[in-house]
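# Per-entry structural report
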Amino acid sequence: KINANGTGFSKLLDFAGTTNGSNPYGTLTLSGSILYGMTAYGGTNNKGTIFRINSDGSGYTKMLDFDGATKGSNPYISSLVLSGSVLYGTTNSGGINNKGTIFKINIDGTGYTKLLDFTGTTNGSSPTGTLIVSGSVLYGMTTQGGVNDKGTIYKINCDGSNYTKLLDFDGVNTGGCPYGTLTISGSVFYGMTCYGGSNNVGTIFKISTTGDGFTKLLDFDNITKGSCPKGSLTIFNSILYGMTDEGGTYGNGSFFRINNDGTGFFKIKDFSISDGIQPSELVLSSNTLYGMTRGGGS
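The following refers to the structure shown.

Calculation criteria
- Residues numbered from 1 in each chain as written.
- Predicted model: local features only at pLDDT ≥ 70, side-chain atom pairs only at ≥ 80, totals over all residues.
- Heavy atoms only, no water.
- Helix = DSSP H or I, 4+ residues; strand = E, 2+ residues; numbered from the N terminus.
- Rg over C-alpha atoms; globule rule 2.2 N^0.38 Å.
- Contact = heavy atoms within 4.5 Å.
- Areas by Shrake-Rupley, 256 points an atom, 1.4 Å probe, with all protein chains shown as cover.
- Lys, Arg positive; Asp, Glu negative; His and termini not counted.
- Charge placed at Lys NZ, Arg CZ, Asp CG, Glu CD.
- Phe/Tyr/Trp six-rings, centres within 6.5 Å; stacked < 30°, edge-to-face > 60°.
- Buried < 20%, exposed > 50% of the residue type's maximum accessible area, 1.4 Å probe, protein only.
- Pairing = 2+ DSSP bridges.
- Axes fitted to C-alpha atoms, helices over the stretch in contact; angles between N-to-C directions.
- 1 Å grid on protein atoms, 1.4 Å probe; cavity = no way out; pocket = protein on both sides within 12 Å on 5 of 7 lines; lining within 4 Å.
- Points joined across faces, edges and corners; volume = space filled by probe spheres on them.
- Nonpolar A, V, L, I, M, F, W, Y, C, P; charged D, E, K, R; others polar.
- Core = buried A, V, L, I, M, F, W, Y, C linked by side-chain atoms within 4.5 Å.
- Polar contact = N/O pair within 3.5 Å; in protein donor to acceptor, adjacent residues only side chain to side chain.

### Description of the overall build of the chain
Regarding its fold elements, the chain presents 0 helices and 22 strands. Over its C-alpha trace the chain gives a radius of gyration of 19 Å, about what one expects of a compact globule, namely 19 Å for 298 residues. Over its C-alpha atoms, taken along the principal directions, the chain stretches across nearly 50 × 45 × 30 Å. Within the chain, counting contacts between residues at least 6 apart in sequence, those at least 24 apart form 36% of the total. On the chain, roughly 12,900 Å² of surface is accessible, and the fraction owed to carbon and sulfur atoms is 47%. Each charge class in the chain was averaged separately, 20 positive and 19 negative side chains, and the resulting centres sit 2 Å apart.

Okay, here's the thing in structure tokens:
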């Protein structure tokens, strides 16, 4: 943990592999004074874990070992979402078809339930990003699968019933292979794809929560606007903020803003080695955005 001004850094836990997991790729979920999270590997089966730990670093508990076919495996670029006393999440692989799963588990570690096995063409495969909970419905995206094997947008009830595919990404027209999370504002979702679009380096889009009204807001173009975003959009006062993993002037990613109707694109920053490279997620607090890069720096 670290204070917002950069002081007070404290290491709460060292991941060790079999005992408590390894390689966490998602974000921690905070409820009260307890943090919940997942690791992509490690645990008893080296297929990842679900854990909880107090925000002061005490009380670490491994809640689940992913196992492959039965419970899924390797949650990747994916975080848990809390609704009431239940956590919902996805795994990137595993399940009956080894194409990923949707699951739920109680905050005390009981009641694990697999809600869906992804199949590929029919409902998508390799889910990434974090589920969105709205009422009793979960929304999410897959990176692969669907009719065109370029990913899907879907919804499913929190009890696992009524799975509905809202969109099959097709490449040029809608983009393809989203890696991030949908951003909801009212009855509209905003998101990005890593590939596809006119230049095959990704898009920004919006779509209603019913699956209607898909609109491509932007085609990324590499140098001018960046390319291949792997994170999610953040909305503030009808303006969308985001980052690309590649592209920009130095080829290391860019930081941009765009109006939610697709107008007013402005590249705020091109990342260089000294800034860090390959940025992904932003977090908004008051009027300040916080982010991280996967490489670069000193």
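### What about the packing of aromatic side chains?
A full pass over the atoms with the stated rule returns 12 aromatic pairs. Consider the rings of tyrosine 25 and tyrosine 76, whose centres lie 4.8 Å apart with planes at 65°: the pair is edge-to-face. Separated by 51 residues along the polypeptide, tyrosine 25 in the segment before strand E1 (29-31) and tyrosine 76 in the loop between strand E4 (61-65) and strand E5 (81-83) bring together distant segments of the chain. Residue tyrosine 25 is classed as partly exposed on the basis of its relative accessible area of 43%.

### Here's the deal with the sheet that holds strand E15 (residues 203-208)
Taken together, 4 strands build an open sheet; the order of strands is E13-E14-E15-E16 and the sheet is antiparallel. Every other strand in the sheet has two partners, leaving strand E13 (183-185) and strand E16 (215-219) as the edge strands with one partner each. The mean angle between the axes of side-by-side strands here comes to 20°, regardless of whether they run parallel or antiparallel. Examined bridge by bridge, E13 and strand E14 (residues 188-193) share 3 bridges and lie antiparallel to one another. Residue pairing for E14: isoleucine 184 is matched across the bridge by phenylalanine 189.

### Overview of empty space enclosed by the protein
Taken as a whole and assessed by the stated rule, the structure comprises 1 cavity of 30 Å³ or more. Considering only enclosed or pocket space, the largest cavity measures out at about 30 Å³ in volume. Looking at the largest cavity, the residues that line it are Thr128, Gly129, Thr130, Tyr139, Gly140, Met141, Gly180, Thr181 and Leu182. Secondary-structure elements contributing two or more residues to the lining of the largest cavity are strand E9 (125-134) and strand E10 (137-144). Residue composition of the lining of the largest cavity, by class: 3 nonpolar, 6 polar and no charged.

### Thoughts on unusual backbone geometry
Not every positive phi belongs to a glycine, and asparagine 74 is a case in point at roughly 55°. Among the structural elements, asparagine 74 can be located in the loop between E4 and E5. For asparagine 74, a relative accessible area of 16% corresponds to the buried category. Unusually for a residue other than glycine, serine 286 sits at a positive phi of about 55°. Residue placement: serine 286 occurs in the loop between strand E21 (277-285) and strand E22 (288-295). With relative accessibility at 63%, the residue serine 286 sits in the exposed group.

### Side note on the nonpolar core
One finds Met192, Ile204, Phe220, Leu233, Leu240, Phe256 and Ile258 to be the most contacted residues of the largest nonpolar core, which totals 15 residues. When contributions to this core are tallied by element, the ones reaching two or more residues are E14, E16 and strand E19 (254-259). Contacts of isoleucine 258, omitting those with residues within four sequence positions, involve Ile204, Leu217, Leu218, Ile239, Leu240, Thr263, Gly264 and Phe265.

### Points about the side chain of serine 232
Within the fold, serine 232 resides in the loop between E16 and strand E17 (234-236). The class of serine 232 is buried, set by a relative accessible area of 7%. A distance of 2.7 Å separates the side chain of serine 232 from the backbone nitrogen of threonine 181, its partner in a polar contact. Within the local environment of serine 232, its side chain forms a polar contact with the side chain of glutamate 281, the two groups lying 3.2 Å apart. Beyond its immediate chain neighbours, meaning those up to four positions away, serine 232 contacts Gly180, Thr181, Met192, Tyr241, Gly242, Ser280 and Glu281.

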